[in-house]
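Structural characterization, general
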Amino acid sequence: KTTYCRLCCGGVPLVPLPARTNREGRENETGGRRPRAYGALSSYSSVHWRLSLAKPGGSLSTGRERPTSLKLTQTMTKPAFKYEFGGPIGAAANVLLLPVLTLCLCYWASIGRVDFEQVLTDGTCQDNRLSLLSKFAESEVLCPSCGNIERLITCALVIMCWFLFQVGLERFLPCQLVDGAPLPDHSGRRLTYRINGHLALWMTLLLLDVAWPHWIDIGSNEDQKTVLVFGRAPFTWLYDNYSTLALATIIWTFFLSTYLYLKSFGKGLLLAAGGNSGSTAYDFFLGRELNPRWGSFDWKEFCELRPGLIGWMLLNISMLAKQYERLGYATGSMILVNLFQGVYVWDALYQEKAILTTMDITTDGFGFMLCFGDLGENW
């Protein structure tokens, strides 16, 4: 591609001629002086600049007359976009297959073996065109509780309430305001983050242990009344609805990823270099916008640690509670899993400031890849 522009140097218009950068101009054979060319013009190896003195008509000047224009010829080769994850096809495959794999792992963990027999059950629909959809809807592996809409809606509401509860803690708990790394647009700007994930973790555990509200009946049959009391949350409910909660979380990640993708087309937003390929499938997976925000609420930094990691710890606790309910004791392996993975979650939230300089925050866009990884894969 060739472009031209006009420049004026001290009132003397100039035209492009072959010149080396960062060298003093010298007298030509006609006595005119060649302009100085500076290194900023040829600092990139993929860009080639040529400067020469000429009259407005394009011919070389032959006397001491002043040239009247400067032509700047630029030849640039645009590098090809470097795809990852197998390009658009690989990105689309990840979007479609990761939820299926997650639901299969939930089912296989519950039965203690890998079994494909129940992944797609025999549908009852007689129309062959709808048989696959019927099998999917009836599968307790790929669509758990789809036959029990009330249970599915309940789990979806629990996931939404959990997400909003963590948002409330992030917004209203005391926090430390920390500036992140400089943005890659070379403006020198830094975004400010509310750091209180460690406090949110302990507040969550405290409320679920001693402040879970529930109603109980007290008194005799004649004087019986219902009162509100506070105590420990029913952690075993998470275990009993494990697969349905996973499906509800996956649905939420698809809604959130779609919203973030559409939001990224707004004006004046900073886009991630790796998620701006022009391919819908690839950009949806990688994420176009670098730091999607609502005011000071940063979607990516929040989802990176809060709902997913704290939820992971609660799921482990629910399994420990269920084992204790069934056996009357907790095995050593169950205690160690809760201990080691609990320390991992605690450390991540205690060192929350450290993620502000990680690739997830500074480089990657917030799309399905991070959204599903932060929220969906914890199951």
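On a predicted model such as this, the values are computed, not experimentally measured, just so you know.

It is worth spelling out the overall build of the protein chain at this point. What the protein chain contains, in helices and strands, is 11 helices and 10 strands. Relative to its 379 residues, the protein chain shows a buried fraction of 39%. At a minimum sequence separation of 6, the contacts of the protein chain that also span at least 24 residues come to 63%.

Next up on the list: helix α11 (residues 368–376). Within α11, seven of the nine residues are buried, which leaves the element mostly enclosed by the surrounding structure. Taken together, the buried positions of α11 are Phe368, Leu370, Cys371, Phe372, Asp374, Leu375 and Gly376. Residues of α11 that are buried make contact with α1 (87–111), α3 (149–172), α6 (242–263), α7 (280–286), α8 (299–327) and α10 (359–362).

Counted according to the given criterion, the structure contains nine salt bridges. Salt-bridge contacts for Asp185 lead to Arg189; the nearest nitrogen and oxygen are separated by 3.4 Å. Residue Asp185 is classed as partly exposed on the basis of its relative accessible area, which comes to 30%. The salt bridge involving Arg293 is made with Asp298; its shortest N-O contact spans 2.9 Å. For the pair Arg293 and Asp298, a shared accessibility class is recorded, and that class is buried. One continuous salt-bridge network, built from bridges that share partners, spans Asp240, Lys322 and Glu325.

Attention now moves to unusual backbone geometry. Glycine aside, residues mostly have negative phi, and peptide bonds are mostly found in the trans state. With a phi close to 60°, Phe85 is a non-glycine residue in the positive phi region. One non-glycine residue, Ser145, lies in positive phi territory at about 65°. Structurally, Ser145 is set in the loop between α2 (128–138) and α3.

Counting residues in hydrophobic clusters, the biggest one holds 57 residues, and the most contacted among them are Phe163, Leu256, Trp299 and Phe366. With 10 residues, the top contributor of residues to this core is α6. Other than its neighbours up to four places away in sequence, Trp299 contacts Phe163, Leu256, Leu260, Pro292, Arg293, Trp294 and Phe366. Cys104, Val119, Val141 and Leu142 belong to the second largest nonpolar core, which has six residues in total.

Okay, the state of the cysteines next. Considering all chains together, one arrives at one disulfide under this definition. Disulfide partner of Cys143: Cys146, at an S-S distance of 1.4 Å. One disulfide, between Cys143 and Cys146, carries an S-S torsion of -65° and so falls in the left-handed class. Cys106 takes part in no disulfide bond, and the closest cysteine sulfur, belonging to Cys104, lies 9.2 Å away. Residue Cys106 is classed as buried on the basis of its relative accessible area, which comes to 3%. Unpaired in terms of disulfides, Cys371 finds its nearest cysteine sulfur in Cys303, a separation of 5.8 Å. Residue Cys371 is classed as buried on the basis of its relative accessible area of 0%.

Moving on, we get to the side chain of Ser257. Structurally, Ser257 is set in helix α6. With sequence-adjacent residues up to four places away left out, Ser257 is seen in contact with Phe284, Gly367, Phe368 and Cys371.

So, on to the pairing of strand β7 (residues 212–218). Successive residues of a regular strand alternate their side chains across the two faces of the sheet. Bridge analysis of β7 against strand β8 (residues 225–231) gives seven bridges, and the strand direction is antiparallel. The residue bridging Ile218 from the neighbouring strand is Lys225, located in β8.

What follows is about the packing of α3 against helix α4 (residues 197–210). Orientation of α3 relative to α4, taken along the N-to-C sense of each, is 125°, at an axis distance of 10 Å. In terms of axis orientation, α3 runs oblique to α4. In the crossing of α3 with α4, the sense of the turn from one axis to the other is right-handed. Where α3 abuts α4, its residues Trp162, Phe165, Gln166 and Leu169 lie against Ala200, Met203, Thr204 and Leu207.

Residues Trp202, Leu336, Leu339, Phe340, Val343, Trp346 and Tyr350 make up a contiguous nonpolar surface patch of roughly 740 Å² in combined accessible area. If you tally residues by element for the nonpolar patch, the top one is helix α9 (residues 332–350), at six residues. For Phe340, the position within the fold is in helix α9.

With that settled, consider the confidence of the model for the protein chain. Looking at the protein chain as a whole, its pLDDT mean stands at 81, while 74% of the residues score no less than 70. Confidence drops under pLDDT 50 across residues 68–73; counting only partners more than four residues distant or on other chains, this segment forms 38 contacts. Note on residues 122–126: pLDDT is under 50 here. Beyond four places in sequence and across chains, it has nine contacts.

Below, the discussion takes up the side chain of Lys263. The residue Lys263 is located in helix α6 in this model. A polar side-chain atom of Lys263 sits 3.1 Å from a polar atom in the side chain of Glu289. Filtering out sequence-adjacent residues up to four positions away, Lys263 remains in contact with Leu269, Glu289, Pro292, Arg293 and Trp294.

Reading the values: rules and limits
- Residues numbered from 1 in each chain as written.
- Predicted model: local features only at pLDDT ≥ 70, side-chain atom pairs only at ≥ 80, totals over all residues.
- Heavy atoms only, no water.
- Helix = DSSP H or I, 4+ residues; strand = E, 2+ residues; numbered from the N terminus.
- Buried < 20%, exposed > 50% of the residue type's maximum accessible area, 1.4 Å probe, protein only.
- Contact = heavy atoms within 4.5 Å.
- Salt bridge = Lys/Arg side-chain N within 4 Å of Asp/Glu carboxyl O.
- Core = buried A, V, L, I, M, F, W, Y, C linked by side-chain atoms within 4.5 Å.
- Disulfide = S-S within 2.5 Å.
- Pairing = 2+ DSSP bridges.
- Axes fitted to C-alpha atoms, helices over the stretch in contact; angles between N-to-C directions.
- Parallel < 35°, antiparallel > 145°, perpendicular 65-115°, else oblique.
- Left-handed = near helix turned anticlockwise from the far one by under 90°.
- Patch = residues over 30% accessible without salt bridge, like charges linked within 9 Å, V, L, I, M, F, W, Y side chains within 5 Å.
- Areas by Shrake-Rupley, 256 points an atom, 1.4 Å probe, with all protein chains shown as cover.
- pLDDT = per-residue confidence, 0-100.
- Polar contact = N/O pair within 3.5 Å; in protein donor to acceptor, adjacent residues only side chain to side chain.

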